[in-house]
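Chains, contacts and geometry: an overview
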Amino acid sequence: QNKYGVEIHKKFSIPVACILFVLLGAPLGVMSKKGGFAISTGLSFGFFLIYYVLLISGEEMADRSFLSPAIGMWSPNLINFLISISITFFMVITGIMAN
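What comes next is a walk through the structure. (Residues numbered from 1 in each chain as written. Predicted model: local features only at pLDDT ≥ 70, side-chain atom pairs only at ≥ 80, totals over all residues. Heavy atoms only, no water.)

Secondary structure assignment for the protein chain yields three helices and zero strands. Counting from the amino terminus, the protein chain carries its helices and strands in the arrangement α-α-α. Referenced to the eigenvectors of the C-alpha coordinate spread, the extents of the protein chain come out at roughly 50 × 25 × 20 Å. In the protein chain, which comprises 99 residues, the proportion classed as buried is 25%. Counting contacts in the protein chain only where the partners sit at least 6 residues apart, residues at least 24 apart contribute 77% of the total. (Helix = DSSP H or I, 4+ residues; strand = E, 2+ residues; numbered from the N terminus. Buried < 20%, exposed > 50% of the residue type's maximum accessible area, 1.4 Å probe, protein only. Contact = heavy atoms within 4.5 Å.)

What follows is the structure in structure tokens.
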């Protein structure tokens, strides 16, 4: 029964992740503008790898009934959102986004 709940939540959480990656990409793009292509590619790959590991581990724990399907599928999005907001807030406070 949990596997079906996981699949239902996955159908909605992965499209929301695309929007959250856009929110994460804007400040990272501005921040890594000085570093060049290698730094921006490394940051992008790093954040995607973290998200993927969290998504797969949340899915496995929800399938095995360690977590509820909602928490297992939406917690990577919540973590991604918190990181996006904190990086954007840091960029606005330091004035990097304005320049």
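Okay, back to it.
Looking now at the packing of helix α1 (residues 2-31) against helix α2 (residues 37-63). At a closest axis distance of 11 Å, the pairing of α1 and α2 adopts a crossing angle of 165°. Taken together, the axis directions place α1 and α2 in an arrangement best described as roughly antiparallel. The handedness of the crossing between α1 and α2 is right-handed. Side by side, α1 and α2 meet where Asn 2, Lys 3, Val 6, Glu 7, Lys 10, Ser 13, Ile 14, Ala 17, Phe 21, Leu 24, Leu 28 and Met 31 of the first sit next to Leu 43, Phe 47, Phe 48, Tyr 51, Leu 55, Glu 59, Ala 62 and Asp 63 of the second. Grouping the constituent residues of the contact of α1 with α2 by class yields 13 nonpolar, two polar and five charged. (Axes fitted to C-alpha atoms, helices over the stretch in contact; angles between N-to-C directions. Parallel < 35°, antiparallel > 145°, perpendicular 65-115°, else oblique. Left-handed = near helix turned anticlockwise from the far one by under 90°. Nonpolar A, V, L, I, M, F, W, Y, C, P; charged D, E, K, R; others polar.)

Our next topic: the environment of Lys 11. Examined against the element boundaries, Lys 11 turns out to sit in helix α1. Judged by relative accessible area, which is 60%, Lys 11 ranks as exposed. Note: C-alpha distance between Lys 11 and Thr 88 (77 residues apart in sequence) is 27 Å.

Under the 1.5 Å per step criterion, the end-to-end length of α2 is 39 Å for 27 residues, consistent within 8% with the ideal 39 Å. Among the residues of α2, those classed as buried are Phe 47, Tyr 51, Leu 55, Gly 58, Glu 59 and Ala 62. Where α2 is buried, its residues contact α1 and α3 (69-94). Positive backbone phi, at 65°, marks Ser 65, one or two positions downstream of α2. (Expected span 1.5 Å × (residues − 1).)

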